[in-house]
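Coordinates in review
Listed below, chain by chain, are the residues.
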Amino acid sequence: MIEGQESISQIPELKYAMIGGGPGSFIGDVHRKAIAMDGKARLVAGCFSRNYEDTLKTGETLRLDKNRLYRNYEELLQAEARHPDRPDFIVIVTPNDSHYPIARLALELGFPVACDKPLATSSSLAQELADLARQKDLLFCVTYTYSGFPIIKHLRWLISQGELGSVRFVAGEYPQEWLATLVEKTGQRQAAWRTDPARAGISNCVGDIGTHLEHMVSYLTGLEIETLCARLDHFGEGRPLDDNASIMINFKGGGTGLYWCSQIAIGHDNGFRVRIYGTRGAVEWYQEDPNHAKISYLDRPVAYLSRGRDPMCPRAQALSRIPSGHNEGYFEAFANIYSTFLTALDKKLHGQELTADDLDFPQVEEGVRGVKFIEKCVESSEKGAVWVKF
Ligand SMILES: NC(=O)c1ccc[n+]([C@@H]2O[C@H](COP(=O)([O-])OP(=O)(O)OC[C@H]3O[C@@H](n4cnc5c(N)ncnc54)[C@H](O)[C@@H]3O)[C@@H](O)[C@H]2O)c1
């Protein structure tokens, strides 16, 4: 298949404000670029940093109105809630400890929210956000990026159709090497807060990347964790939080799983891989080659699915942007999440019914479950790597 797919927005532009994403930060700019990709929303206000000078610098680069650049998130949310050009949603891309207070105030003021993971630093705080969002009837997206890849949508559909039979075993791994040494001591900002319990919460490695494994497996298979047994390692000398974790899972209904996440795995960049084995077939997907997936059946030759070339389910096809052989990656996966969220938001603003496809972006309840997963892994490990109920 060689044709591309135009995804220029048919809907009016929505407006958003961003908190976090200042100079030298990682994910804020990814969110901005992903949102911009489909032209469905534009940035109108920001508090990009706790340092006002840095917020001004980013705001100037993005050509924002200086009057809509704020010293702190409270000021932004209060002022923008009354602004005649009020934003339609708020994007939160700060370190973990500030997600809850920012999201809480945003919801209280009636703003829909897109917040990065992990949703909060405890499941009770995360649950409060979910309850408030439901009570206020506001959409809330938690940006588990990798669920936005078209091939992931297709594999999910395949599994839901029973193509693999019943799932027996899931192997998920997410190795990185970037914390193999104590880079947090060198002033590397992303490492500094991720290894600091005051900012990251009770876990570094499971909270940062293990949570993607939990979300992906749940999204692909629909399986629910019944019990888990985790050992969290702290290999970096003096590091207060985990940098490697081995997690065994029992799913409700019988399947089992094994997850490994690591930031000390030398030789791995962002080696997120998931393998799912059923009674009749198996699938495998690797984040560093996200346009392909391996599909195996007992009674057929192994197939390598190629996005753009091979037929996929309608939902996956709809999110596939360019012809085969032209790789789509992280930005497109992020853009797919935003495109879905923003279409839902726009339809809701116009009083239209939302379909299951409209709501196929990571919901606030998935964020709550992700935080509970982190807590249960820490609880199991602290008790001596014992099985705990989920
Ligand atoms: N979905 C993903 O794939 C993915 C990838 C990376 C990071 N993340 C998540 O995104 C969040 C941010 O991570 P990062 O790596 O971009 O961090 P970062 O340190 O690179 O950037 C954080 C930014 O937030 C700003 N900030 C901090 N506190 C603030 C506050 N109170 N008000 C306004 N701005 C504030 C900082 O100045 C900085 O610009 C984390 O929760 C992380 O887990 C998700």
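Everything here concerns the structure above.
These notes cover the structure that comes with them.

Calculation criteria
- What you see as residue numbers is a count from 1 along each chain, following the sequence as written.
- Two thresholds apply to this predicted model, a pLDDT of at least 70 for residue-level local features and 80 or more for giving and counting side-chain atom pairs, whereas whole-chain, interface and lining totals are computed over all residues.
- For the side-chain quantities, the full set of heavy atoms in the structure was used; hydrogens and water were omitted.
- Every case where a carboxyl oxygen of Asp or Glu lies within 4 Å of a side-chain nitrogen of Lys or Arg is listed as a salt bridge.
- Note on conventions: DSSP H or I runs of at least 4 residues are helices, E runs of at least 2 residues are strands, and numbering of each starts at the N terminus.
- Only protein chains enter the calculation, and the probe is 1.4 Å; a residue is then buried if its accessible area is under 20% of its type maximum, exposed if over 50%, and partly exposed in between.
- The near set for a molecule or strand comprises every residue that places at least one heavy atom within 4 Å of it.
- For the purposes of these results, a polar contact is taken to be a pair of N or O atoms within 3.5 Å, where, inside protein, one atom must be able to donate a hydrogen and its partner to accept one; residues adjacent in sequence count only when each atom of the pair is a side-chain atom.
- For the area figures, the Shrake-Rupley method with a 1.4 Å probe applies, and any residue is considered shielded solely by the protein chains shown.
- A cavity here means a set of points on a 1 Å grid, drawn over the protein atoms and nothing else, where a 1.4 Å probe fits but cannot get out; a pocket is an open set with protein on both sides within 12 Å along at least five of seven lines, and a residue lines either one if it has an atom within 4 Å of a point.
- Placement in a cavity or pocket follows one criterion, namely that more than half of the molecule's atoms lie within 2 Å of its grid points.
- Amino acid classes used here: Ala, Val, Leu, Ile, Met, Phe, Trp, Tyr, Cys and Pro are nonpolar; Asp, Glu, Lys and Arg are charged; the rest, including Gly, are polar.
- Domain segmentation is taken from an automatic or database assignment of domains.

Digging into the pattern of salt bridges
Scanning the entire structure with this criterion turns up 31 salt bridges. The shortest N-O distance in the salt bridge between E108 and R104 comes to 3.0 Å. One end of the pair is E108 and the other is R104, both in helix 4 (residues 99–108) and 4 residues apart, which spans about a single turn. Accessibility expressed as a relative area gives 36% for E108, which makes it partly exposed. A residue is classified by how much of its surface remains accessible, and R104, at 23% relative accessible area, is partly exposed. Linking E173 and R273 is a salt bridge whose minimum nitrogen-to-oxygen distance equals 3.9 Å. With a gap of 100 residues between them, E173 in strand 6 (residues 167–175) and R273 in strand 10 (residues 273–278) connect regions that are remote in the sequence. One connected set of salt bridges, linked through shared partners, spans K15, R68, E80 and D85.

Digging into the site of the ligand
In the vicinity of the ligand lie 29 residues, with F26, I27, N96, Q190 and Y330 positioned nearest. The contact in question runs from a nitrogen atom of the ligand to an N or O atom on the backbone of S49, over 3.4 Å. Q190 has a polar side-chain atom sitting 2.6 Å from an oxygen atom of the ligand. Here the ligand, which alone exposes 850 Å², has 94% of that area covered by the protein. When atoms are counted within 2 Å of each cavity's grid points, the one that captures over half of the ligand is the largest pocket. Mapped onto the shell around the ligand, the elements with two or more residues apiece are strand 1 (14–20), helix 7 (189–194) and helix 9 (205–221). Of the residues belonging to the shell around the ligand, the class tally is 10 nonpolar, 12 polar and 7 charged. Two domains each provide a minimum of three residues to the shell around the ligand, namely domain 1 (14–145) and domain 2 (149–320 + 367–389).

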